[in-house]
Amino acid sequence: MSIARFPPHFNNSNHRDRCLAQLRSKPVPLEKYIYLNGLKGRDSNLFYSILLDNLSELVPILYTPTVGEACVNYSNIWRRPEGLYVSIQDKGRIREVLSTWPDFYDGRIAVVTDGSRILGLGDLGANGLPISIGKLDLYIAGAGIKPNSTVPICLDLGTNTQHYLDDPLYIGVRRPRPSSEEMDEFMDEFMAAMKDVFPKLLVQFEDFSTDNAFKYLDRYRRQYRVFNDDIQGTGSVILSGFINAARLSSAASGRPLSDHKILFFGAGSAGTGVAKQLISFFTTSGMSPEEAKSRIYTVDSKGLITADRNGLQEHKKFFARTDYNGPQLTNLVDIINHVKPTALLGLSTLKNAFSEDVVNAMCALNERPIIFPLSNPVHLSELEYEDAIRWSDGKAIFASGSPYKPVTHNGVTYEAGQGNNMYIFPGIGLGSILSKTRHVSDGMVEQAAIALSSSLDAGEQAAQLVYPRLARIREISVRVALAVIRQAQNENLDENPYLRTLPDADLLGLIRDKMWQPPTFHLWSTPHL
């Protein structure tokens, strides 16, 4: 048998540079994604080391926006087994399937999707696995979760997308999605088996359809250690950005923070979850929950959501207005002129929904309007950053769901904020794991947002940013984890009493020490055989 030999002058430092050069030579983002996927399979330590040193460049490839393209095409670009599929055909033997995971005793965190609503791309079925893989890569990079403690899972429950059912290369089960009753039975078995096989695991639900996202979070959140990033994580990171944006807007207008009004364009699971989280922005300033709720308006494809609308979906009833009795308002500019919001947040996946007229209407009402087009990926964003700056003459306080490059307007360079869940969920996961919390409470999620909002350094504050720069993600995750741990202790949800004995400074040090770092020595560091 022949033995592969390294070149005589091979060294790790040069190989890192070689890998980056190879990556950057790829002409399109999907090719970059495939290259990184292969690098992780060959040498995971090198992959994570490069990722940590190049976060701003690589996160948009490994997660949004490129991961959406990877999911759409996953059956065609599949190279090797990467995660765990649990099929509807496994019903009755799910525990047995989960037990095949090689590191089940080490499992600490799983990201679970059923592929039914991947980003804004719809029902992708079994092609949704890269969402779970990408999220866990961000846990590893952002919070130092050990790679062998992560479990990416796709629930292969069929798909209602005929294109995939007809595709001979489709990797999933070929059947329509199950009925509500069948899926409930599957999910109950799945969650019970997860607790049995992975007793120390935190489960993060990801990209379930809107109704099921709310349904299964409510069904399991008090029974298992589980949270939904689309609902709670998105809500938390947007609450954080909004806190800082509201301060900037109020400083410009002289109006108190309690005067803010928020208009949500999009009322799915993400939109409603964010809206519910933002109630706490007002309640922390002394408002009652009902007063806080009255400061929030929601809009869907039919217009302003009012309580008298026939056939209103259950999750939309919470913010449905009871104080408007006129003709149905369907035009966004008309709705803005009626509501007079200080902030417009988009979670609609409708490209360019925030037109120049919409931006002008917000500017007419506000010295510095808050405009957050949050839909992912970038080709579904409600507003391009360059348009926001140009149409508002630099006045808009902007944060998006996807990354944008800086924009120069009238000699001033503006830096876009990104409401990236990576600022929040790694810290929530790390804090939950270290505190051994029994559940992930609303209070823990809210304290994570407050910790993030206070994490801007002096340079970021001077630049009037609403989010810190991503390069500092590990220190940010330490602060978020500290807040999560303390809140778990305040609610008596923690099962790690030792952490209660530590003052904050010592606990911060412990959190940092627990973060995994890629070893400098890796498999390719010994060229001689």
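Residues numbered from 1 in each chain as written. Predicted model: local features only at pLDDT ≥ 70, side-chain atom pairs only at ≥ 80, totals over all residues. Heavy atoms only, no water.

Per an unreviewed UniProt entry, the recorded name for the protein is Malic enzyme, and the organism is Paxillus rubicundulus Ve08.2h10. In its Sequence similarities (unreviewed entry) section, UniProt records this for the protein: "Belongs to the malic enzymes family." (UniProt positions renumbered as here; feature names shortened; annotations may be inferred.)

Draft legend 1. Broad picture of a positive patch on the surface. Taken together, the side chains of K146, K200, K436 and K514 make up a positively charged region of the molecular surface. Position of K200 among the secondary structure elements: in the loop between helix 10 (180-197) and strand 4 (202-205). (Patch = residues over 30% accessible without salt bridge, like charges linked within 9 Å, V, L, I, M, F, W, Y side chains within 5 Å. Areas by Shrake-Rupley, 256 points an atom, 1.4 Å probe, with all protein chains shown as cover. Salt bridge = Lys/Arg side-chain N within 4 Å of Asp/Glu carboxyl O. Lys, Arg positive; Asp, Glu negative; His and termini not counted. Charge placed at Lys NZ, Arg CZ, Asp CG, Glu CD. Helix = DSSP H or I, 4+ residues; strand = E, 2+ residues; numbered from the N terminus.)

Draft legend 2. Expanded view of the sheet that holds strand 3 (residues 150-156). Strands sit in the order 1-3-2-4-5 across an open sheet of five strands; the sheet is parallel. Edge positions in the sheet fall to strand 1 (84-87) and strand 5 (226-228), since each of these pairs with one other strand and no more. For this sheet, the mean angle separating the axes of adjacent strands, direction not counted, is 25°. On top of the sheet, helix 8 (residues 129-143) reaches strand 1, strand 2 (109-113), strand 3, strand 4 and strand 5; it is set at about 165° to strand 3, its chief contact. Sheet strands touched by helix 10: strand 1, strand 2, strand 3 and strand 4. Its angle to strand 3, the strand with the most contacts, is close to 165°. (Pairing = 2+ DSSP bridges. Axes fitted to C-alpha atoms, helices over the stretch in contact; angles between N-to-C directions. Contact = heavy atoms within 4.5 Å.)

Draft legend 3. Geometry of the sheet that holds strand 8 (residues 303-304). The strand order across the open sheet built from seven strands is 8-7-6-9-10-11-14, with neighbouring strands paired in mixed fashion. At either end of the open sheet lies a strand with only one pairing partner, and these are strand 8 and strand 14 (417-418). As paired elements, strand 11 (residues 397-400) and strand 14 share two bridges and run parallel to each other. Bridging from a neighbouring strand, A399 pairs with G417 of strand 14. Strand contacts of helix 15 (residues 332-339): strand 6 (262-265), strand 7 (296-300), strand 8 and strand 9 (343-346), with the helix running at about 160° to strand 6, the strand carrying the most contacts.

Draft legend 4. Representation of the side chain of R225 in the model. As for its position among the elements, R225 is in the loop between helix 11 (210-220) and strand 5. The buried charged residue R225 lacks any salt bridge partner; its closest oppositely charged side chain belongs to E495, at an N-O distance of 5.4 Å. A polar side-chain atom of R225 sits 3.2 Å from the main-chain carbonyl oxygen of K200. Apart from the residues lying within four places of it in its own chain, the contact partners of R225 are K200, L201, L202, V203, S432, K436, T437 and R438. (Buried < 20%, exposed > 50% of the residue type's maximum accessible area, 1.4 Å probe, protein only. Polar contact = N/O pair within 3.5 Å; in protein donor to acceptor, adjacent residues only side chain to side chain.)

Draft legend 5. Examining the UniProt feature "active site" (unreviewed entry) in the protein more closely. UniProt's feature table lists "active site" (unreviewed entry) at Y63 and K135, given in the numbering used throughout. The greatest C-alpha distance among the residues just named is 7.1 Å, despite their covering 73 residues of sequence, which places them together in space. For Y63, the position within the fold is in the loop between helix 4 (55-62) and helix 5 (66-72). Residues within four places of Y63 in sequence aside, it is in contact with I131, G134, K135, L138 and E206.

Draft legend 6. Helix 3 (residues 44-53), seen in detail. With seven of 10 residues buried, helix 3 lies mostly within the body of the structure. When we look at burial in helix 3, the residues that qualify are N45, L46, F47, Y48, S49, I50 and L51.

Draft legend 7. A look at the environment of S441. Its place among the elements puts S441 in the loop between helix 18 (425-435) and helix 19 (442-453). Assessed through its relative accessible area of 12%, S441 is described here as buried. Along the sequence, S441 and Q487 sit 46 residues apart, while their C-alpha atoms lie 8.8 Å from each other. Those residues within four positions of S441 in sequence are excluded, and the remaining contacts are R221, E491 and L493. There is a polar contact of 2.8 Å between the side chain of S441 and the side chain of E491.

Draft legend 8. Up close: the packing of aromatic side chains. Scanning the model with the defined rule gives 18 aromatic pairs in all. An angle of 5° between the planes, with centres 6.4 Å apart, marks the rings of F186 and F190 as stacked. Taken together, the positions of F186 and F190, both in helix 10 and four residues apart, correspond to about one turn of that helix. Comparing F186 with F190 shows no difference in burial state: the two are buried. Aromatic ring contacts, followed pair by pair, group F205, F208, Y216, Y220 and Y224 into a single cluster. Taking the ring centre of Y35 as reference, the NZ or CZ of R42 above it sits at 5.8 Å. The ring of F318 has K276 lying over it, and the distance from NZ or CZ to the ring centre is 5.0 Å. (Phe/Tyr/Trp six-rings, centres within 6.5 Å; stacked < 30°, edge-to-face > 60°. Lys NZ or Arg CZ within 6 Å of the ring centre and 35° of its normal.)

Draft legend 9. Spotlight on unusual backbone geometry. Omega for the peptide link from T64 to P65 comes to 10°, which places this bond in the cis form. Examined against the element boundaries, P65 turns out to sit in the loop between helix 4 and helix 5. Notably, D393 is not glycine yet its phi reads approximately 55°, a positive angle. Along the polypeptide, D393 turns up in the loop between helix 17 (385-392) and strand 11. Among the residues examined, D393 registers a relative accessible area of 44% and is labelled partly exposed. Residue K436 is not a glycine yet carries a positive backbone phi of 55°. Relative to the helices and strands, K436 is located in the loop between helix 18 and helix 19. A residue is classified by how much of its surface remains accessible, and K436, at 43% relative accessible area, is partly exposed.

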